[in-house]
Amino acid sequence: MYRDDLGRFKEFKAQGVAIKFGKFSAKENKQLENNVQEFLALTGIENADKLLYTSRYPEEKSVIANLKRKHSFRLHIGKGIARPWKLIYYRAKKMFDVNNYKGRYSEADTEKLKVYQSLHGNDWKKIGEMVARSNLSVALKFSQISSQRNRGAWSKTETQKLIKAVKEVILKKMSLQETEEVDFKLHENSAGRLSIVREKLYKGISWVEVEAKVETRNWMQCKSKWTEILTKRMTNGRSMYRGVNALQAKINLIERLYAINVEDTNEIDWEDLASAIGDVPPSYVQTKFYKLKATCVPFWQKKTFPEIIDYLYETSLPLLKELLEKKMGRKGTKIQTPMAPKQVFLFRDIFHYEATVRKKT
């Protein structure tokens, strides 16, 4: 960070620009594309594939490496993009990987993928090189075809396997020191007073790994179900999005989105916005916003983000407020106050299994 980001971060801070994470905006993608093309023109490197996938060209590897070093490749491609250099580099590799745009898999391609996976396991980088596709592409494709996946309601066994799998993946991602502390605390206190920072519960989880452990569901199903479980446990089972609470949450969400006045969804701090509903993960709020615009805004796919927000604020918001006022006139109707987001949770509160023993009647 000292070598690649510190100077850039100081400049962005002086300009009042916040460092971003998450999905790249269309504006950032365009800036990155320009940065790469400028660097190619500056150095004379033939194309982006040679620049970003130098290992594919062993005879030119040392020449390209020297040019990248001489002309400060890392600083150049990060120009004007307020993100850590590594995230910019990974995004560039994804954008310019010629193996990312090979179209649909034929039956022959699919069979090859199955054979190579049986030989090399989940070494997607190696398999990607063998079938001339990106490692992400082959991993996702194999996830779709690997076996028959269940659909519909999750069984208790599946849910328990999911909770266990997420826990294992989170612990695996921790540093050696953090893992040792976990082992020590669990050994010292089997009651499980061990705590975990909220971001670790949903950021940076390898859903491909989780899918492999659950076995009966694909990674998208696992991620969606985990968001549902996590939301329920963060809120202690409180219903934050039903009845009058749902109406109030929609009103809060629209008003907050209108107030922050951004040009693109990627500029939204979903972590901060989650407090409009309560102590919920950011992905929960993103899902609710998607449903809100899909149900309330006609032809939303053809509108810009500011146009969507303006429509929700000017047209949908008054109707929601009117409906809420009518419902609040009924006797005994109350709105739950959203819980303030907690930054730390107990392991046992998040990763416990639901009781399976039936009570005696």
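Residues numbered from 1 in each chain as written. Predicted model: local features only at pLDDT ≥ 70, side-chain atom pairs only at ≥ 80, totals over all residues. Heavy atoms only, no water.

If you look the protein up in an unreviewed UniProt entry, it shows as Transcription termination factor 1 isoform X2 from Carlito syrichta.

(A) View of helix α7 (residues 107-120). Look at α7: 20 Å from first C-alpha to last across 14 residues, which is about the 20 Å you get at 1.5 Å a residue. Every buried residue of α7 is listed here: Thr110, Leu113 and Gln117. Mapping the buried residues of α7 onto a view down its axis gives an arc of 55 degrees, with all of them on the same face. In α7, the exposed residues that point more than 90 degrees away from the buried face are Glu107, Ser118 and Leu119. Those residues of α7 that are buried lie in contact with α8 (124-131) and α9 (135-145). Positive phi shows up at Gly121, right after α7, with a value of about 65 degrees. (Helix = DSSP H or I, 4+ residues; strand = E, 2+ residues; numbered from the N terminus. Expected span 1.5 Å × (residues − 1). Buried < 20%, exposed > 50% of the residue type's maximum accessible area, 1.4 Å probe, protein only. Arc of directions from axis to C-beta. Contact = heavy atoms within 4.5 Å.)

(B) Region of interest: the pattern of salt bridges. All chains considered together, the criterion is met by 18 salt bridges. Two residues, Lys172 and Glu209, come together in a salt bridge whose shortest N-O distance is 3.1 Å. You can see Lys172 sitting in helix α10 (residues 156-173) and its partner Glu209 sitting in helix α12 (residues 207-214), a full 37 residues away along the chain. Classification of Glu209 by relative accessible area gives partly exposed; the value is 28%. Across the pair Lys203 and Glu199 runs a salt bridge, and its minimum N-O distance is 3.7 Å. Residue class for Lys203 comes out partly exposed when judged on its relative accessible area of 44%. When its relative accessible area of 37% is taken as the criterion, Glu199 is described as partly exposed. (Salt bridge = Lys/Arg side-chain N within 4 Å of Asp/Glu carboxyl O.)

(C) Spatial organisation of the environment of Glu11. Along the chain, the position of Glu11 falls in helix α1 (residues 6-14). Each C-alpha atom, one on Glu11 and one on Ala82, is 9.6 Å from the other, the two residues being 71 residues apart in sequence.

(D) Local environment of unusual backbone geometry. One non-glycine residue, Ala132, lies in the positive phi region at around 60 degrees. Looking at where Ala132 falls in the secondary structure, it is placed in the loop between α8 and α9. With relative accessibility at 30%, the residue Ala132 sits in the partly exposed group. Positive phi is not limited to glycine here, since Glu215 has a value of about 75 degrees. Inspection of the secondary structure puts Glu215 in the loop between α12 and α13 (219-234).

(E) Representation of helix α14 (residues 243-260). Compared with an ideal rise of 1.5 Å per residue, which puts 18 residues at 26 Å, α14 spans 26 Å between its outermost C-alpha atoms and is within 8% of the ideal. Three or more residues of α14 are buried, namely Val244, Asn245, Ala246, Leu247, Ala249, Ile251, Asn252, Leu253, Ile254 and Leu257. Here the buried face of α14 lies against α15 (270-273), α16 (282-296) and α17 (305-328). Positive backbone phi, approximately 50 degrees, marks Asn261, located one or two places after α14.

(F) Representation of the nonpolar core within the structure. Ranked by internal contacts, the top residues of the largest apolar core, which has 27 residues, are Leu257, Val285, Phe289 and Leu312. Looking at this core, the elements with two or more residues in it are α14, α15, α16 and α17. When near neighbours in sequence (up to four residues on either side) are disregarded, Leu312 contacts Ile254, Phe289, Leu292, Cys296, Val297 and Leu317. In this structure, Ile170, Ile196, Val214 and Met234 belong to the second largest nonpolar core, which totals 23 residues. (Core = buried A, V, L, I, M, F, W, Y, C linked by side-chain atoms within 4.5 Å.)

(G) Region of interest: the environment of Thr235. Examined against the element boundaries, Thr235 turns out to sit in the loop between α13 and α14. Judged by relative accessible area, Thr235 falls into the buried class, the value being 2%. A polar atom in the side chain of Thr235 sits 3.3 Å from the backbone oxygen of Lys232. (Polar contact = N/O pair within 3.5 Å; in protein donor to acceptor, adjacent residues only side chain to side chain.)

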